[in-house]
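# Observations on the three-dimensional arrangement
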2 protein chains.
Amino acid sequence: MKLKSELPACPVATTVQLIGSKWKLLILRNLLARPWRFNELQKNLEGISQKVLTDSLRSMEADGIVTRTVYPEVPPRVEYSLSELGESMRPIIASMEQWGIAYKKSLNKE
Amino acid sequence: MKLKSELPACPVATTVQLIGSKWKLLILRNLLARPWRFNELQKNLEGISQKVLTDSLRSMEADGIVTRTVYPEVPPRVEYSLSELGESMRPIIASMEQWGIAYKKSLNKE
DNA sequence: CGGGATCCTCGGAGATACTG
DNA sequence: CAGTATCTCCGAGGATCCCG
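Nothing here was measured: the structure is a model prediction, and the numbers come from that model.

## Thoughts on the protein's contact with DNA strand C
- Taken together, 22 residues surround DNA strand C, and among them K22 and W23 of chain A together with R37, R68 and Y80 of chain B come closest.
- Among the atoms of DNA strand C lying within 4 Å of the protein, the sugar-phosphate backbone contributes 67%.
- One nitrogen or oxygen atom from the side chain of R37 of chain B is found 3.0 Å from a phosphate oxygen belonging to DNA strand C.
- At a separation of 3.1 Å, a phosphate oxygen of DNA strand C approaches a polar side-chain atom of R58 of chain B.
- At the level of elements, α4 (50-62) of chain A together with α3 (38-44), α4 (50-62) and β3 (77-82) of chain B are the ones that each hand at least two residues to the surface near DNA strand C.
- Among the elements that line the surface near DNA strand C, the one with the most residues is α4 of chain B, at four residues.
- Split into classes, the residues belonging to the surface near DNA strand C amount to eight nonpolar, five polar and nine charged.

## Description of the interface of chain B and chain A
- With 37 residues of chain B at the contact, the number on the chain A side is 37 residues.
- When the two sides are added together, the surface that chain B and chain A hide from each other amounts to roughly 3,300 Å², 75% of it contributed by carbon and sulfur.
- The interface formed by chain B and chain A contains zero salt bridges.
- Summed over the shared surface of chain B and chain A, the result is seven residue pairs in polar contact (both at pLDDT 80 or more).
- Looking at the side of chain B that touches chain A, the elements with two or more residues in it are α1 (11-19), α2 (24-31) and α6 (90-109) of chain B.
- Broken down by element, the side of chain B that touches chain A gets its largest block of residues, eleven residues, from α6 of chain B.
- Here the side of chain B that touches chain A is built from residues that sort into 21 nonpolar, nine polar and seven charged.

## As for α4 of chain A
Residues and elements named next belong to chain A.
- For α4, with 13 residues, the first-to-last C-alpha span of 18 Å sits near the 18 Å given by 1.5 Å per residue.
- L53, S56, L57 and M60 are the residues of α4 that are buried. Down the axis of α4, the smallest arc covering the buried residues is 95°, so these residues share one side. Residues K51 and A62 are exposed on α4 and point more than 90 degrees away from its buried face.
- Taken together, the buried residues of α4 touch α2 (24-31), α3 (38-44), β2 (66-71) and β3 (77-82).

## Observations concerning the sheet that holds β3 of chain B
All names here are of chain B.
- Taken in spatial order, the three strands line up as β1-β3-β2 in an open sheet, and their pairing is antiparallel. If you trace the sheet from one side to the other, it starts and ends with β1 (36-37) and β2 (66-71), each paired once.
- Pairing between β1 and β3: two bridges, direction antiparallel. The residue bridging W36 from the neighbouring strand is Y80, located in β3.

## Overview of the packing of α2 of chain A against α4 of chain A
Residue and element names in this part refer to chain A.
- Running from N to C, α2 and α4 point in directions that differ by 70°, and their axes come no closer than 10 Å. For the element pair α2 / α4, the angle class is roughly perpendicular. Of the residues in α4, those touching α2 at K24, I27 and L28 are L53, S56, L57, S59 and M60.
- For the contact of α2 with α4, the class distribution of residues is five nonpolar, two polar and one charged.

Parameters at a glance
Residues numbered from 1 in each chain as written. Chains lettered and ligands numbered in written order. Predicted model: local features only at pLDDT ≥ 70, side-chain atom pairs only at ≥ 80, totals over all residues. Heavy atoms only, no water. Near = heavy atom within 4 Å. Polar contact = N/O pair within 3.5 Å; in protein donor to acceptor, adjacent residues only side chain to side chain. Helix = DSSP H or I, 4+ residues; strand = E, 2+ residues; numbered from the N terminus. Nonpolar A, V, L, I, M, F, W, Y, C, P; charged D, E, K, R; others polar. Contact = heavy atoms within 4.5 Å. Buried area = accessible area lost by both parts, 1.4 Å probe. Salt bridge = Lys/Arg side-chain N within 4 Å of Asp/Glu carboxyl O. Expected span 1.5 Å × (residues − 1). Buried < 20%, exposed > 50% of the residue type's maximum accessible area, 1.4 Å probe, protein only. Arc of directions from axis to C-beta. Pairing = 2+ DSSP bridges. Axes fitted to C-alpha atoms, helices over the stretch in contact; angles between N-to-C directions. Parallel < 35°, antiparallel > 145°, perpendicular 65-115°, else oblique.

What follows is the structure, given as structure tokens:
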């Protein structure tokens, strides 16, 4: 989805701009469970490239959804967790998940 | 958002595939209130092109979210309304709308 | 009025190589 | 381990013209 192009300033559009890109929802879904490390996320999200994972995390960090914690250790360790704002998106993910499940059931009936 | 590329088969991703494209959520938002005619939608969704509106409506119709009703009159009249499946997405839109409102408030505080 | 057909743009997404 | 730096590709989205 093009995030840069103009959309009506309605709350729904605002929400989509923050989490509508291809992988963000899946990242968010993982982070809702617990904090994750970079490589850990990359392994779990099979198919995502380093660049896209980085871009997505940076973008979500800039939007205040994700918190990035760097541990000054050797080897380096970076953990990504949800901010309070990110945590507040749980109901959205939950409703989308429930709807997705119901949708798949309706497909099987046909 | 690229809808054609592969995504994990999780319910959240399924939902995004159906309504994650740029205008679909806004169309859905309108249709949740009442049925709309083609030109009516185009005027309301300022900035949308005919092609994109057509493509979006056709796609949503194919997904079973939108119902297209043609009235055999002169001049032709076509109405778009929500199917039962589309109507069932109301909670998702509502939660996204509420979150969007809360997000804007949090921006003003900074 | 409600599109169909055609052509084009732009940026999200991906692949690859390299680094503190 | 967790990135950065380039290059490339592709398709959603857009513009324009035409039609039953």
